[in-house]
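Observations on the model geometry
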Amino acid sequence: MTIHTNTDTMDEHESPELTEDEKRLFADLMPEDLNEILDTGVNRRHFLKLMTLAGGSILATQSAVAEQLMTRPFSEATPTGLDPASLDNAVNVSFKVNGTVRKLTVDSRMTLLDTLRERLDLTGSKKGCDHGQCGACTVIVNGHRVLSCLTLAASCEGKAVQTIEGLAQGSQLHPMQEAFLKHDGFQCGFCTPGQICSAVALLDEARKGDVSYVTQNVRQSAGSVKLSNEEIRERMSGNICRCGAYPNIVSAIQEVHSGKPVEQVFRSV
């Protein structure tokens, strides 16, 4: 079955009328989504579910109706705004995100992570554990790395937030991004935005002389800290990589910190 889609020709508020055959198709295969589809139209999530079914040959007996449906433009169910009256604990918040001032009305209990992903469409920061334990949601607020899943959006009033999307300057990657690419500091890439944001803030902390658990002399005079690999591992310990790319990540950070080439781990083995 040949499947074509066009998500660009339809206004995001339009929902094409489904034929009776198409309604029956969704009623048979995706009954749990039927009411939503009838209300808002077919969006990308529904399309992907249909693709999964098609890949499993479940649509064999309904391929004609499915192809007719999939060749039509789909609506993308993206909320363009929220009615403040619909929020139980609405607060107005204004903060700078990647250099741009953003003013939003949010629930006072909404986290910075959910605000970035759901309200500002900045999906680089990932929701991993949602308990502040994995570091995938790390962003930089006023120059300090924070766990955005544990940070309330309302607490960021007047602050500057930098996410992975704001590190590059146009087409020029941040040195830390380039180093991660060079040293293959990621595999699945899920934790990578948080790893890179954490690494960027880590170097700023070292330049300011902030100490860590493994700093040998915490009474030394204030000044830039020269990071050993042990220091980097300790300071990055809050960012978990389930793929195990830790040696590569340390090499990438060390290269940016020292300004000198570091041998690529996978070539030295």
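Before going into details, it helps to say that this report is about the structure given with it.

About the thresholds
- Residues numbered from 1 in each chain as written.
- Predicted model: local features only at pLDDT ≥ 70, side-chain atom pairs only at ≥ 80, totals over all residues.
- Heavy atoms only, no water.
- Helix = DSSP H or I, 4+ residues; strand = E, 2+ residues; numbered from the N terminus.
- Contact = heavy atoms within 4.5 Å.
- Pairing = 2+ DSSP bridges.
- Core = buried A, V, L, I, M, F, W, Y, C linked by side-chain atoms within 4.5 Å.
- Buried < 20%, exposed > 50% of the residue type's maximum accessible area, 1.4 Å probe, protein only.
- Polar contact = N/O pair within 3.5 Å; in protein donor to acceptor, adjacent residues only side chain to side chain.
- Axes fitted to C-alpha atoms, helices over the stretch in contact; angles between N-to-C directions.
- Left-handed = near helix turned anticlockwise from the far one by under 90°.
- Nonpolar A, V, L, I, M, F, W, Y, C, P; charged D, E, K, R; others polar.
- Expected span 1.5 Å × (residues − 1).

Here the focus is the overall build of the protein. Scanning the protein for helices and strands turns up 10 helices and five strands. The contacts in the protein between residues at least 6 apart in sequence include a share of 56% that link residues at least 24 apart.

Next up on the list: the pairing of strand β4 (residues 144-147). Two strands pair when backbone bridges link them, and strand β3 (residues 138-141) and β4 are joined in this way by four bridges, in the antiparallel orientation. Across the sheet, the residue bridging to Val141 is His144, located in β4.

Mapped onto the secondary structure, Arg207 falls in helix α7 (residues 192-207). Separated by 17 residues in the primary sequence, Arg207 and Ser224 place their C-alpha atoms 4.3 Å from one another. Excluding anything up to four places from it in sequence, Arg207 contacts Gly223 and Ser224.

With that out of the way, let us pick up the nonpolar core. Note that soluble globular proteins tend to have their nonpolar side chains buried in a common cluster. Met176, Phe180, Ile196, Leu227, Met236, Ile249 and Ile253 are the most contacted members of the largest nonpolar core, which totals 25 residues. Those elements giving two or more residues to this core turn out to be α6 (175-182), α7 and α9 (246-258). For this core, the element with the highest residue contribution is α7, accounting for eight residues. Every residue in contact with Phe180, bar those within four places of it in the chain, is listed here: Gly185, Phe186, Thr192, Gln195, Ile196, Ile249, Ala252 and Ile253. Residues Leu116, Leu120, Val139 and Ala153 belong to the second largest nonpolar core, which totals 15 residues.

Another aspect to go through is the side chain of Ser212. Looking at the element boundaries, Ser212 is found in the loop between α7 and α8 (229-235). Accessibility expressed as a relative area gives 15% for Ser212, which makes it buried. A distance of 2.6 Å separates the side chain of Ser212 from the side chain of Glu231, its partner in a polar contact. Among residues more than four places away in sequence, those in contact with Ser212 are Glu231, Glu234 and Arg235.

On a regular strand, each side chain points to the face opposite its neighbour's, so the side chains alternate between the two faces of the sheet. What you see with β3 is no split at all: Thr138 and Ile140 on one side and Val139 and Val141 on the other are buried throughout. Linking β3 to β4, which pair antiparallel, is a turn of two residues; within it Asn142 sits at a positive phi near 50 degrees. Direction of pairing for β3 relative to strand β5 (residues 160-162): antiparallel, over a ladder of two bridges. Pairing of Ile140 across the sheet is with Gln162, part of β5.

It is the contact of α7 with α9, at a shortest axis distance of 11 Å, that shows an interaxial angle of 35 degrees. The interaxial crossing formed by α7 with α9 has right-handed handedness. Facing Gln195, Ala199, Leu202 and Leu203 of α7, the residues of α9 in contact are Ile249, Ile253, Val256 and His257. Tallied by class, residues from the contact of α7 with α9 come to six nonpolar, two polar and no charged.

This brings us to α9. For α9, with 13 residues, the first-to-last C-alpha span of 18 Å sits near the 18 Å given by 1.5 Å per residue. For α9, the complete set of buried residues consists of Asn248, Ile249, Val250, Ser251, Ala252, Ile253, Gln254 and Glu255. One or two positions beyond α9, positive phi appears at Gly259, with a value near 75 degrees.

Here we take up the environment of Val214. Turning to its location among the elements, Val214 is positioned in the loop between α7 and α8. Measuring from C-alpha to C-alpha, the distance between Val214 and Glu234 comes to 7.1 Å, with 20 residues separating the pair along the chain. Non-local contacts of Val214, meaning those with residues more than four positions away in its chain, are made with Glu230, Glu231 and Glu234.

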